[in-house]
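# Tertiary structure, described
Here's the letter readout for the chains.
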Amino acid sequence: MDKYRIYAMSFAAMLVLSSSVPGCADKRGTSPAAEKEGAIKVYSSKTKGFVMSEKIIKTDLEWKKQLAPEQFHVLREKGTEMAGTGIYANHHEPGIYHCAGCDLELFRSEAKYESGTGWPSFFSPISPENIKTVADNSLFSRRTEVLCRRCDGHLGHVFDDGPRPTGLRYCMNSAALKFETGRK
Ligand SMILES: [Zn+2]
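Residues numbered from 1 in each chain as written. Predicted model: local features only at pLDDT ≥ 70, side-chain atom pairs only at ≥ 80, totals over all residues. Heavy atoms only, no water.

## Considerations on the sheet that holds strand β5 (residues 112-113)
We apply this condition: Note: two strands are recorded as paired if DSSP finds a minimum of 2 bridges between them. Helix and strand labels come from DSSP, where a helix needs a run of H or I of at least four residues and a strand needs a run of E of at least two; each type is numbered from the N terminus.
The six strands are arranged β5-β6-β10-β9-β8-β7 in an open sheet whose pairing can be described as antiparallel. Every other strand in the sheet has two partners, leaving β5 and β7 (131-136) as the edge strands with one partner each.

## Some thoughts on the pairing of β7
Strand direction decides the pairing type here: β7 and strand β8 (residues 143-148), joined by six bridges, are antiparallel. Pairing of Thr133 across the sheet is with Val146, part of β8. Joining the antiparallel neighbours β7 and β8 is a turn of six residues, in which Leu139 adopts a positive phi near 55°.

## A closer look at the nonpolar core
How we decide: Among buried residues, those of type Ala, Val, Leu, Ile, Met, Phe, Trp, Tyr and Cys that are joined through side-chain atoms within 4.5 Å constitute a nonpolar core. Three labels apply to residues, based on accessible area from a 1.4 Å probe with only protein chains included: buried if under 20% of the type maximum, exposed if over 50%, partly exposed otherwise in between. Whether two residues are in contact is decided by their heavy atoms: any pair within 4.5 Å suffices.
One finds Cys99, Leu106, Phe107, Leu155, Tyr170, Met172 and Leu177 to be the most contacted residues of the largest nonpolar core, which totals 29 residues. Residue assignment for this core shows that the elements contributing at least two residues are β1 (39-44), α4 (69-77), β3 (95-99), β4 (105-108), β8, β9 (154-159), β10 (169-172) and β11 (177-181). The element best represented in this core is α4, accounting for three residues. Apart from residues no more than four positions distant in its own chain, Phe107 is found in contact with Gly95, Ile96, Tyr97, Phe122, Ser124, Pro125, Ile126, Tyr170, Met172 and Leu177.

## Comments concerning the coordination of the zinc ion
Applied cut-off: The rule for donors is simple: an N, O or S atom within 2.8 Å of the metal counts, and for Na, K and Ca the reach is 3.2 Å. Water is not among the atoms, so a site may look short of donors. Four donors are marked tetrahedral only if all angles between them lie between 85 and 135 degrees, whereas four are marked square planar and six octahedral if opposite donors are more than 155 degrees apart and the other angles lie between 65 and 115; the remainder are marked irregular.
Of the protein atoms, only Cys99 (SG), Cys102 (SG), Cys148 (SG) and Cys151 (SG) coordinate the zinc ion, at distances of 2.3 to 2.4 Å. One way to put it: the four donor atoms around the zinc ion meet at angles of 100 to 115°, and that makes the site tetrahedral. Written as a sequence motif, the donor arrangement for the zinc ion is C-x2-C-x45-C-x2-C. In this pair, Cys99 sits in strand β3 while Cys148 sits in strand β8, placing the two residues 49 residues apart along the sequence.

## As for the environment of Ala68
Counting through the fold element by element, Ala68 comes out in the loop between α3 (60-66) and α4. Judged by its relative accessible area of 36%, Ala68 falls in the partly exposed class. The spacing of Ala68 and Ala100 is 32 residues in sequence and 9.8 Å in space, taken between C-alpha atoms.

## A word on α4
Quick reminder: α-helices carry 3.6 residues per turn. Residues three or four places apart thus point the same way. Of all the positions in α4, only Phe72, Val74 and Leu75 are classed as buried. Two residues or fewer after α4 comes Lys78, characterised by a positive phi angle close to 55°.

## Description of the environment of Gly162
Secondary-structure assignment places Gly162 in the loop between β9 and β10. In the structure, Gly162 is positioned 49 residues away from Tyr113 in sequence and 9.3 Å away in space, judged by C-alpha atoms. Residues in contact with Gly162, not counting those within four places in the same chain, are Tyr113, Gly167, Leu168 and Arg169.

Structure below.
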């Protein structure tokens, strides 16, 4: 066996290993690598099933016109609101939390729990199809960023210290969310 063949085989083995690492993005949301431009499949509570939708792509100027400054800072500049300051940190009404940018449904109130962090926390999204996760190595730490699948707005981060049944804590910014009461 020549040297190049050995290299090729070990490279292929590395690919297999890296794609099977536990906690990879595809368990929690749609991996960016699988993302296609244009049409996406997302969950809708209106139809209680999946619907086709279009990715929403806007310029910063367009987003600024539509969003409040705090919403723009979080969604489009990956900002983080101060703990305890967001309107949904201690919010416990039944309903659905939507993306403040594009109105996509993101979290059910049934998955919201008191994490004690001062940020609205959920143990799962309404559907893994409706969010996207990417590795975030900023601030000298390894975190997993959570984005809206439709408009790529920054929502917050997901951590492994959540309650059952998922063991995950989706730590969100209130400014990235818009609550709609009632509908399940
Ligand atoms: Zn969105």
